[in-house]
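Now for the letters of each chain:
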Amino acid sequence: MNQTPSAIPVIDISPYLDGSNPKHVANQIGRACEDIGFFMIKGHGIPLSLLRQVEAEATCFFDLPLETKQKTMAPFGLGYMGQGIENVAATLKEKSTVKDQKESLNVNLPVREKVWPQDMPSLNDTCKEYYHRVEQLAGQLMKLFALALDLEETFFDDKVNHAFTVLRLLNYPTQPEAVLPTQEQMETMTRNAEHTDYGTLTILWSPDSRGLQARSRQNQWVDVIAPQDHFIINIGDLMSNWTNDKWVSTLHRVVPHPETLGQKRMSFPFFHNPNPDALIECIPGCFGEGNPPKYKPVLAKEHLEMKVSKALGQEEKME
């Protein structure tokens, strides 16, 4: 397991993909999920050229006039969301008034009106191709998660075979008058407030991830700085529920970085969640005498609806 300057583990998953040493990869992932809930992967097989295509197409979309972007809007946080609409901090602190300084295009399959932009076939084709690739990667990671938890490799298969997934294209616009906040100001001057993700796992690519920070179990903020051909992976709340907090759904945020202060920033997270009707309850091996289940069983759909509603400040229902 290699280390980057950010101290986030880097794991080569090719020995799993080629079958040469799956358990070695799974063990590394298990340690990372226990230690900090964040890791980076290489050897995933998705070409950097495709990632660059997604970046280029997203740039074209976000450069459109606001009134054009607003034609692509749908319930449950899908389609376009402008700056200041989302408040992810409220998913943990209901009285939070911090508004995220980003805009986003949020899509899932199948392609449909109001969720995907009309008259942008190149963007849609590129994002569909990317979507299928990261969707497949998410499935492979879920199998690795099962191995890491000493379960059958197929343990999660019937719980994620109709997974609710979303690809988000995030744009943090230029901030010409940005100043570097003090530590005391950091909570309210973030570009994306501290939060945990909601589901099983997130696959993130960013052309420049500086500014992303994860909170360690020692309550220290750790920079997450990834090489451009690596993905950043973190686990979400429902995976933490499944494992009874053996694996941690880590607080993370995007803050002004001294080397990129005020500059435009983009990132592209793919959010993977269980089947909406999956009952999330503590899995074998994660509870026992002296370690009872910490969470009541919950339907994935109910959890996701609660989180999205809090982030958007209004009741939202999954279609």
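Before reading on, note that the structure itself is shown above.
Analysis parameters
- The residue count restarts for each chain, going from 1 along the sequence in the order it is written.
- With pLDDT at 70 or above as the cut-off, local features in this predicted model cover only qualifying residues; side-chain atom pairs require 80 or more to be listed or tallied, and sums for whole chains, interfaces and linings still use all residues.
- In computing side-chain values, all of the structure's heavy atoms are included and hydrogens and water are not.
- By definition, any uninterrupted DSSP run of H or I lasting at least four residues is a helix, any uninterrupted run of E lasting at least two residues is a strand, and each is numbered from the N terminus.
- Note on exposure labels: buried denotes an accessible area under 20% of the residue type's maximum, exposed denotes more than 50%, and partly exposed covers the range between, all computed with a 1.4 Å probe on protein chains only.
- Whether two residues are in contact is decided by their heavy atoms: any pair within 4.5 Å suffices.
- Exposure was quantified through the Shrake-Rupley algorithm and a 1.4 Å probe, taking into account, for residues, occlusion by the shown protein chains and nothing else.
- For this text, the term disulfide refers to a pair of cysteine sulfurs within 2.5 Å.
- Two N or O atoms form a polar contact when they lie within 3.5 Å of each other; inside protein one atom must be a possible hydrogen donor and the other a possible acceptor, and for residues adjacent in sequence the pair counts only when both atoms belong to side chains.

> Report on the overall build of the protein, specifying residues and quantitative values.
The helix and strand tally for the protein stands at eight helices and 16 strands. In the protein, which comprises 319 residues, the proportion classed as buried is 55%. In the protein, of all internal contacts separated by at least 6 residues, the share reaching a separation of at least 24 is 77%. Of the roughly 14,200 Å² that the protein leaves accessible, carbon and sulfur atoms contribute 50%.

> Mind laying out unusual backbone geometry, listing which residues take part and the relevant values?
Residue Pro110 is bonded to the preceding Leu109 through a cis peptide linkage, with omega at 5 degrees. Topologically, Pro110 is positioned in the loop between strand E6 (103–107) and helix H5 (121–148). If you check the backbone angles, Phe76 has positive phi at about 60 degrees while not being a glycine. By secondary structure assignment, the location of Phe76 is in the loop between strand E4 (73–74) and strand E5 (78–81). The phi dihedral of Asn219 falls on the positive side, at around 65 degrees, and the residue is not glycine. Tracing the backbone shows Asn219 in the loop between strand E10 (212–215) and strand E11 (221–223).

> Provide a residue-level description of the state of the cysteines, including the pertinent values.
In total, this model carries zero disulfides according to the counting rule given. Cysteine Cys286 is unpaired, with the sulfur of Cys282 as its nearest cysteine sulfur at 5.4 Å.

> Lay out the side chain of Ser309 with the relevant residues and their values.
Relative to the elements of secondary structure, Ser309 occurs in helix H8 (residues 300–312). Take Ser309: its relative accessible area is 16%, and that puts it in the buried class. Polar contacts involving the side chain of Ser309 include one to the main-chain amide nitrogen of Glu316, which spans 2.8 Å. Each residue touching Ser309, except ones within four places of it in the same chain, is listed here: Gln314, Glu315 and Glu316.

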